[in-house]
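# Commentary on secondary and tertiary structure
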Amino acid sequence: MKTGRRTVAVAALVGALGLSVLNAPTAQAADTGITVSDIVINNGKPIVVGTSKVVEPSISFAIALPSGYSTADPSRYDAYPFLYRGSIKTAADTGENFIQPGSYTCYETDAKHARCEGTLYIDPHPSQEHVDSNSDATTWKVGVSLKLWKADGGLKTGELETRSTTVQLKRAAKATTNASPEPVTKGKAITVTGKLTRANWSTKKYDAYSGRTVSLQFRAKGSDTFKTVKKSTTSSTGGLKTTVTASVDGSYRWVYYGNSTTGVATSTADYVDVR
């Protein structure tokens, strides 16, 4: 349950150039006196991005304001975390290797403090520059944009701060499964095939992912649990193939557990009737 009065709600309107009403912050050195703490991004988990779907990982953070500023007047300050690679100044000035919030809302806890929550906005579309190279599947740094505004709406001062927190961006992977024959006689062989692919952020397509160890899992009819029964390595085309002996009705699926640059992939299960 959220407590405290809502002090500010910011929605980023993302257009063809990937610019928002938040805008990339101008790198400045003046101390604002704003403190941003307790930053949590995507619940501490890696962020997995495909080739077309917008991804909006959760963010939460706390704000403490300096003397002369109050949460009752949110138009006088602006503070939010963002992700970047390379130089924080270059990322902020150019918008390249820079991922900012899509929207966030802050709730007043007292006159000087607020708790904020919202989402980042990551669009793999070619017109954006969020993930336009496979080299973006790496560790991103967390920065904070801090600004104070004058009563007339002009910028008083602003700064960028780097945090020790990092976030891993990963390329999405997909797996397929086909078990045959269906139905099958008990004691006979079942051939289970499939394919593993992963997102290519440069081409915006899914390519074969070769040389990966993938687990074949089985769930017996009436059970809620899948168990690993075999492991197989993908071919040069991402193909998977193995055989098992038919014993009871149930479902088979392939599961790839990912690595430092690639997310987990779990195929749709294929049910086999054993007679």
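Thresholds, definitions, all that
- Residues numbered from 1 in each chain as written.
- Predicted model: local features only at pLDDT ≥ 70, side-chain atom pairs only at ≥ 80, totals over all residues.
- Heavy atoms only, no water.
- Disulfide = S-S within 2.5 Å.
- Helix = DSSP H or I, 4+ residues; strand = E, 2+ residues; numbered from the N terminus.
- Buried < 20%, exposed > 50% of the residue type's maximum accessible area, 1.4 Å probe, protein only.
- Core = buried A, V, L, I, M, F, W, Y, C linked by side-chain atoms within 4.5 Å.
- Contact = heavy atoms within 4.5 Å.
- Pairing = 2+ DSSP bridges.
- pLDDT = per-residue confidence, 0-100.
- Polar contact = N/O pair within 3.5 Å; in protein donor to acceptor, adjacent residues only side chain to side chain.
- Salt bridge = Lys/Arg side-chain N within 4 Å of Asp/Glu carboxyl O.
- Phe/Tyr/Trp six-rings, centres within 6.5 Å; stacked < 30°, edge-to-face > 60°.
- Lys NZ or Arg CZ within 6 Å of the ring centre and 35° of its normal.

As a further point, take the state of the cysteines. One pass over the structure, following the stated rule, counts one disulfide. The disulfide partner of cysteine 106 is cysteine 116, and the S-S distance across this bridge is 2.0 Å. Judged by the torsion about the S-S bond (105 degrees), the cysteine 106/cysteine 116 disulfide is right-handed. In this pair, cysteine 106 sits in strand β7 (residues 101–110) while cysteine 116 sits in strand β8 (residues 113–120), placing the two residues ten residues apart along the sequence. Cysteine 116 shares its class with cysteine 106; the two are buried.

A word on the nonpolar core. Of all hydrophobic cores here, the largest spans 41 residues; its most connected members are Val36, Ile41, Ile47, Phe61, Ile63, Leu83 and Leu169. Ranked by the residues each element gives to this core, the list is headed by strand β5 (residues 77–84), at six residues. Setting aside chain neighbours within four positions, we find leucine 169 in contact with Ile47, Leu83, Ile99, Val131, Asp136, Ala137, Thr138, Trp140 and Trp201. Counting 20 residues, the second-largest nonpolar core is a separate cluster that includes Val192, Leu240, Val244 and Trp254.

Turning our eyes to something else, we now look at the pairing of strand β15 (residues 227–233). Here six bridges tie strand β14 (residues 213–220) to β15, and the two strands are oriented antiparallel to one another. Within β15, the position partnered with glutamine 217 by the bridge is threonine 228. Here β14 folds back onto β15, and the loop between the two strands holds six residues, one of which, glycine 222, carries a positive phi near 90 degrees.

Model confidence for the protein chain is summarised by a mean pLDDT of 91, while 89% of its residues fall at 70 or above. pLDDT under 50 marks residues 12–28. Its contacts with residues more than four places away, or in other chains, come to 45 contacts.

What follows deals with the environment of aspartate 270. Topologically, aspartate 270 is positioned in strand β19 (residues 270–272). Judged by its relative accessible area of 13%, aspartate 270 is buried. The spacing of aspartate 270 and tryptophan 254 is 16 residues in sequence and 9.8 Å in space, taken between C-alpha atoms. The residues contacting aspartate 270, other than those within four sequence positions of it, are Thr177, Asn178, Ala179, Glu182, Gly250, Ser251 and Tyr252. Within the local environment of aspartate 270, its side chain forms a polar contact with the backbone nitrogen of alanine 179, the two atoms lying 2.7 Å apart.

A full pass over the atoms with the stated rule returns five salt bridges. In this structure, the salt-bridge partner of aspartate 136 is arginine 85, at a minimum N-O distance of 2.5 Å. A residue pair is termed long-range when its members are at least 10 positions apart, and aspartate 136 in the loop between β8 and β9 (139–149) and arginine 85 in the loop between β5 and α1 (88–94) qualify at 51 residues. Classification of aspartate 136 by relative accessible area gives buried; the value is 1%. Looking at arginine 85, the relative accessible area reads 23%, which means it is partly exposed.

Among the secondary structure elements, serine 251 is positioned in strand β17 (residues 250–256). Given the relative accessible area of 8%, serine 251 is considered buried. Ignoring sequence-local partners within four residues, the contact set of serine 251 consists of Gln217, Phe218, Arg219, Phe226, Ala269, Asp270 and Tyr271.

This brings us to the sheet that holds strand β10 (residues 155–171). Read from one edge of the open sheet, five strands run β3-β10-β9-β5-β6, paired in mixed fashion. Among the strands making up the open sheet, the edge pair consists of β3 (47–49) and β6 (98–99).

Once that is clear, we can look at the packing of aromatic side chains. With the rule as written, the count across this model stands at six aromatic pairs. Between phenylalanine 82 and phenylalanine 98 the ring centres are 4.9 Å apart and the planes differ by 40 degrees, which places this aromatic pair in the tilted class. Residue phenylalanine 82 is found in strand β5, and its partner phenylalanine 98 is found in strand β6; the two are separated by 16 residues along the sequence. Judged by relative accessible area, phenylalanine 82 falls into the buried class, the value being 0%. For phenylalanine 98, a relative accessible area of 5% corresponds to the buried category. Ring pairs connect the aromatic residues Phe61, Tyr80 and Tyr104, which therefore count as one cluster. The ring of tryptophan 140 carries the charged tip of arginine 85 above its face, separated from the ring centre by 5.9 Å. It is arginine 253 that lies over the ring of phenylalanine 226; its NZ or CZ is 3.8 Å from the centre.

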